[in-house]
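# A structural walkthrough
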Amino acid sequence: MNDKLVFLGLLYFVQGIPYGLQSSLLPVFLRGAGHSLTRISLTKILYFPWVLKILWAPFIDRVGTKRRWIVGTVSGLALTCASSAALAPEAHIWGVAATLLAMNTFASVQDIAVDGAAVGLLKGRSELGLGNTAQVVGYKAGSVFAGGGLLAVIDVAGWGWMFVLLMFVYAGVALFVWGAPVLDEETLKVQPADGKRAAEATRPWRVWRKLLAVPGTPWTILYVLTYKLGEQGAVTMFPLFLLDHHMTARELSFWNGIIAMGFSICGSSLGGLLLAQFSIGALMRRVFVLRTVSMVFQSSLLTVLEPSPLMKGMAVLSMSVQHFLGGLITTLTFTTMMHCTQRAEESIQATHYSFLATLEVLGKLTFSALAGGVVDWFGFQVAFLFFLTLSAGTALHVWTATFTGALREHQLKEQPK
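Residues numbered from 1 in each chain as written. Predicted model: local features only at pLDDT ≥ 70, side-chain atom pairs only at ≥ 80, totals over all residues. Heavy atoms only, no water.

## Some words on the overall build of the protein
As a reminder of what qualifies: Numbering of helices and strands runs from the N terminus; a helix is a DSSP stretch of H or I covering at least four residues, while a strand is a stretch of E covering at least two. When a residue's accessible area, from a 1.4 Å probe over protein chains only, is under 20% of the maximum for its type it is buried; when over 50% it is exposed; and in between it is partly exposed. Contact definition: two residues touch when any of their heavy atoms are within 4.5 Å. Accessible surface is estimated by sampling points in the Shrake-Rupley manner with a 1.4 Å probe; for residues, cover comes only from the protein chains shown.
Summing up its helical and strand segments, the protein has 17 helices and zero strands in all. Burial statistics for the protein: of 417 residues in total, 55% are counted as buried. Of all intrachain contacts in the protein linking residues separated by at least 6 positions in sequence, the fraction that spans at least 24 positions is 86%. Of the roughly 17100 Å² of accessible surface on the protein, 70% is carried by carbon and sulfur atoms.

## So, the side chain of threonine 217
Its location among the elements puts threonine 217 in helix 11 (residues 217–226). Residue threonine 217 is classed as buried on the basis of its relative accessible area, which comes to 0%. Those residues in contact with threonine 217 that lie beyond four places of it in its chain are Leu211, Leu212, Cys340 and His352.

## Thoughts on the nonpolar core
Rule in force here: Only buried Ala, Val, Leu, Ile, Met, Phe, Trp, Tyr and Cys residues count toward a nonpolar core, and they belong to the same one when joined by side-chain atoms within 4.5 Å.
Counting 68 residues, the largest nonpolar core has Leu21, Ile70, Met103, Tyr170, Tyr223 and Phe288 as the members making the most contacts within it. Per element, the largest residue contribution to this core is nine residues, and it comes from helix 6 (residues 93–121). Counting 27 residues, the second-largest nonpolar core is a separate cluster that includes Met247, Met295, Met319 and Val375.

## As for helix 5 (residues 66–85)
As a reminder, the rule being used: To estimate the expected span of a helix, subtract one from its residue number and multiply by 1.5 Å.
Between its terminal C-alpha atoms helix 5 stretches 29 Å, which fits the 28 Å expected from 20 residues at 1.5 Å a residue. Taken together, the buried positions of helix 5 are Lys66, Arg67, Ile70, Val71, Thr73, Val74, Gly76, Leu77, Ala78, Thr80, Cys81 and Ser84.

## Thoughts on the confidence of the model for the protein
Spelled out, the test is: Confidence scores labelled pLDDT are given residue by residue by the predictor and lie between 0 and 100.
Averaged over every residue, the pLDDT of the protein is 77; the share at 70 or more is 77%. The secondary structure element of the protein with the lowest average pLDDT is helix 9 (residues 195–202), at 48, and the one with the highest is helix 14 (residues 280–300), at 89. In this model, residues 186–195 is a region of pLDDT below 50 whose contacts with residues beyond four sequence positions or in other chains number 16 contacts.

## Examining the pattern of salt bridges
Here is the rule we go by: Every case where a carboxyl oxygen of Asp or Glu lies within 4 Å of a side-chain nitrogen of Lys or Arg is listed as a salt bridge.
Counted under the stated rule, the structure contains two salt bridges. Across the pair glutamate 231 and lysine 228 runs a salt bridge, and its minimum N-O distance is 2.5 Å. For glutamate 231, a relative accessible area of 5% corresponds to the buried category. A salt bridge links arginine 291 to glutamate 231, with the shortest nitrogen-to-oxygen separation between them at 2.9 Å. Highlighted residues: arginine 291 in helix 14 and glutamate 231 in helix 12 (residues 229–245), separated in sequence by 60 residues. A cluster of three or more residues bridged by salt bridges with shared partners is formed by Lys228, Glu231 and Arg291.

This is how it looks when you write it as structure tokens:
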């Protein structure tokens, strides 16, 4: 089990690097250069390859091996970083955008192969909880490394050397995966595709009807599309509010990019431990209510515009609590998704999970791209009232499902015998 956790955690770590670059480093860089919140939000379009995963997931699911797909995509990330190292962001902003788009493309393809490996590797409730903890913690650790750590040292090391470092990280991971014995397990061996399966691999719409027929899929689709909407708006916009009124870019990189994300990792880790002891329905019901309460507290801070040590302390506390609860919810969510996927037939499991993960990204991406426009049009206070309403609605949706919907069934199946 430890080998599985290390393997999955490392691969999700390198997947989190492009996200950290775009979610933490790029917005602060652009805001410091005087760009509007609307334009900064629109950079979320660079995540678009993650939305297209469902189109090529059946092909990756049925052609080649997990090892080859992972090694190929990680090597592609290394080459992309080598190209990025030669660019100056001030003079080649479109070139930087293109390289980040390429990084997201390679990372999204890698994610399909790694998710497929995870579905085959993880068995039982305990392994699912710990495995999804490794997934979420690894991804967020990569995000902290790129968005917080690199932002803190970029003034010293420079843009070029930062990407040279990332190139060596990706190259080392590619070599590790090439020799990883965990991928030799019988459950991950790919069977030669017959004519019917090969046709399905090139015609993914034939698989989609099977995906929707998997028990619990309709509820899970609605849930993953909406569960992060209010939180995503707050997490994206609150640091930029602080940048405008209370903190410098360096302070923000430390408190939001490292400290708050550290709390997020702690929340994700705790989620895996709690899943070994309690039902997922009961956990989700309580945590979603707590998240709504924390957003009330964070929204109240928007009325304080004058910088002060007390305000900074409250802001750091607010971001830390929000990230902690968000990390906990993410682990519970990905465990729910994987539990649903394991009900599907083996030949479409990686595709099914990628389908759910694509919708999860689509929900967050669409709202993140619009959040800056909402703030520019209506102001921070009105926008955060909207975010709070969305969060409360999701809490009600989850609360209802634990008693009468999909989470009630899930909860009853997971009660200790």
